[in-house]
Amino acid sequence: QVQLVESGGGLVQAGGSLRLSCAASGRTFSRYDMGWFRQAPGNEREFVAAIRRSGLSTRYVDSVKGRFTISSDNAKNTVYLQMNSLKAEDTAVYYCAADDGNGYYSDQYKYWGQGTQVTVSS
């Protein structure tokens, strides 16, 4: 099992930046594909970004390409989402997720954090 705890959310002006962190328990972090999702009030949960357990492959939803970057640090058991050029439309609760299968390819994840709020003011 793995437990996930997100941090780094907050209030930021449009055009600004935030870096979200997701800390995972255990010493086998490198065995998991990791992903970030978000959900705005009244909206469906949306895939944002994912990184393969090798750390060598990443993918993003079109709306954040060129603005967001997902990365991982196995030594710290942490995955990050660097968010630049933030827009009001990015306002949502952001969730990290882990999968010991192939979540990177399937978008299906076994383990989830409880989320961190990101609010972008226009």
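Summary of the structure given here. (Residues numbered from 1 in each chain as written. Predicted model: local features only at pLDDT ≥ 70, side-chain atom pairs only at ≥ 80, totals over all residues. Heavy atoms only, no water.)

1. Comments concerning empty space enclosed by the protein
Taken as a whole and assessed by the stated rule, the structure comprises one cavity of 30 Å³ or more. Quantified by volume, the largest cavity comes out at close to 40 Å³. Looking at the largest cavity, the residues that line it are Phe29, Tyr32, Met34, Ile51, Arg52, Arg53, Ser54, Gly55, Ser72 and Asn74. A class-by-class count of the residues in the lining of the largest cavity yields four nonpolar, four polar and two charged. (1 Å grid on protein atoms, 1.4 Å probe; cavity = no way out; pocket = protein on both sides within 12 Å on 5 of 7 lines; lining within 4 Å. Points joined across faces, edges and corners; volume = space filled by probe spheres on them. Nonpolar A, V, L, I, M, F, W, Y, C, P; charged D, E, K, R; others polar.)

2. As for the pattern of salt bridges
Summed over the entire model, instances satisfying the criterion amount to seven salt bridges. For the salt bridge of arginine 38 with glutamate 46, the shortest nitrogen-to-oxygen distance reads 2.8 Å. Note on arginine 38: relative accessible area 7%, which makes it buried. Judged by relative accessible area, glutamate 46 falls into the partly exposed class, the value being 29%. (Salt bridge = Lys/Arg side-chain N within 4 Å of Asp/Glu carboxyl O. Buried < 20%, exposed > 50% of the residue type's maximum accessible area, 1.4 Å probe, protein only.)

3. Examining the sheet that holds strand β8 (residues 78–83)
Here four strands make up an open sheet; going across it, the order is β1-β3-β8-β7 and the pairing antiparallel. Where the open sheet ends on each side, the last strands, each with one partner, are β1 (4–7) and β7 (68–73). Sheet twist, expressed as the average angle between the axes of neighbouring strands with direction ignored, equals 15°. Examined bridge by bridge, strand β3 (residues 18–24) and β8 share six bridges and lie antiparallel to one another. Residue pairing in the sheet places leucine 18 in a bridge with methionine 83 of β8. (Pairing = 2+ DSSP bridges. Helix = DSSP H or I, 4+ residues; strand = E, 2+ residues; numbered from the N terminus. Axes fitted to C-alpha atoms, helices over the stretch in contact; angles between N-to-C directions.)

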